[in-house]
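Residues per chain are reported as follows:
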Amino acid sequence: MQTEQDFKDGQILLIDKPLEWTSFQVVNKLRWLIRKNFGIKKIKVGHAGTLDPLASGLLIICTGKFTKRIQELQGQVKEYTGSITLGATTPSYDLETEIDQTFPIAHITDELIQQTTQQFVGDIKQYPPVFSALKKDGKRLYEYARKGEEVKIDPRIISIATFEITKIEMPLVHFRVVCSKGTYIRSLAHDFGKALNSGGHLSSLRRTKIGAYTVENAITPQVFEEELIKDTSPKII
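Note that the structure is a prediction, hence the values are computed from the model and not measured.

(A) Local environment of the overall build of the protein. Check the secondary structure of the protein and you find seven helices and 13 strands. In the protein, which comprises 237 residues, the proportion classed as buried is 43%. In the protein, 71% of the contacts between residues at least 6 apart in sequence involve partners at least 24 apart. Summing over all exposed atoms, the protein offers an accessible surface of approximately 12,800 Å²; the carbon and sulfur share of this is 52%.

Here is the structure:
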């Protein structure tokens, strides 16, 4: 049973983020639950690596003194599974925005798909999506994008250890990726489509690992709430 002092001294909570929740909403929910259940005014709670609202999976939440470990946890290797839809692009590189262009896919064979993944393994240059929370001149990139303003984005060097195609159901291509901190899987989907002389956007994403932590050991915010209430409720003998 976790106590108020446990959360203050520091806990690492593995949360399976539901679809459509922001990472910020998960942090707020857990902070509110801990404060409410123990009747405390203040508790530090933070996450070690954002997940987009349209992605699900592993979110590491740190409480109390363990919030100092966030940077260390953020730097660990991550694993994702998901799917790319070929033949169409979107401004956000995922399903957040509508399709803006379509491309032919008749020339794309299974062999070409497998061969093309090799271009994205190792240290590569990647441009972050314009619809992202990265800051440029004090504003988030998505603020410029939503107003239709042009903004110059510099590429970053990221590292992809594994880019495995797990299933092909054209136009859907299912994958598993193991990559470094700072990798945008949306950008990978966009660039992959372009490398196939077509287009592509991310149609589903799930984070399965961060370092040694796996989503199999994670719980949903709802289960966390149920367990917290159960642990802090009076026991009837």
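(B) The arrangement of the side chain of Thr85 in detail. Position of Thr85 among the secondary structure elements: in strand β4 (residues 78-86). With a relative accessible area of 17%, Thr85 lands in the buried category. Within polar-contact distance, the side chain of Thr85 engages the side chain of Ser203 at 2.9 Å.

(C) Structural context of the packing of aromatic side chains. Counted according to the given criterion, the structure contains six aromatic pairs. Ring centres 5.7 Å apart and planes at 50° place the aromatic pair Phe7 and Phe38 in the tilted group. In this pair, Phe7 sits in helix α1 (residues 4-9) while Phe38 sits in helix α2 (residues 23-38), placing the two residues 31 residues apart along the sequence. According to the relative accessible area criterion, Phe38 is buried, its value standing at 18%. Summarising the aromatic geometry, the rings of Phe163 and Phe175 are spaced 6.4 Å apart at their centres and angled 80° between planes, so their arrangement reads as edge-to-face. Here Phe175 lies in strand β11 (residues 172-179) and Phe163 lies in strand β10 (residues 156-169), a separation of 12 residues in the sequence. With a relative accessible area of 2%, Phe175 lands in the buried category. An aromatic cluster of three or more residues is present, and its members are Phe120, Phe163, Phe175 and Phe192. Positioned above the aromatic ring of Phe66, the side-chain terminus of Arg69 is 5.3 Å from the ring centre.

(D) A look at the pattern of salt bridges. According to the stated counting rule, one finds nine salt bridges in the structure shown. Note that Glu225 is salt-bridged to Lys29, the shortest N-O span being 3.6 Å. With Glu225 in helix α7 (residues 221-232) and Lys29 in helix α2, this residue pair connects regions lying 196 residues apart in the sequence. The exposure class of Glu225 is partly exposed, given its relative accessible area of 22%. Since its relative accessible area comes to 27%, Lys29 is described here as partly exposed. Between Glu79 and Arg176 there is a salt bridge, with its nearest N and O atoms 2.8 Å apart. Of this pair, Glu79 sits in strand β4 while Arg176 sits in strand β11, and the two are 97 residues apart along the sequence. Residue Glu79 is classed as buried on the basis of its relative accessible area of 11%. Salt bridges sharing partners connect three or more residues here, namely Asp52, Asp94 and Arg186.

Conventions adopted
- Residues numbered from 1 in each chain as written.
- Predicted model: local features only at pLDDT ≥ 70, side-chain atom pairs only at ≥ 80, totals over all residues.
- Heavy atoms only, no water.
- Helix = DSSP H or I, 4+ residues; strand = E, 2+ residues; numbered from the N terminus.
- Buried < 20%, exposed > 50% of the residue type's maximum accessible area, 1.4 Å probe, protein only.
- Contact = heavy atoms within 4.5 Å.
- Areas by Shrake-Rupley, 256 points an atom, 1.4 Å probe, with all protein chains shown as cover.
- Polar contact = N/O pair within 3.5 Å; in protein donor to acceptor, adjacent residues only side chain to side chain.
- Phe/Tyr/Trp six-rings, centres within 6.5 Å; stacked < 30°, edge-to-face > 60°.
- Lys NZ or Arg CZ within 6 Å of the ring centre and 35° of its normal.
- Salt bridge = Lys/Arg side-chain N within 4 Å of Asp/Glu carboxyl O.

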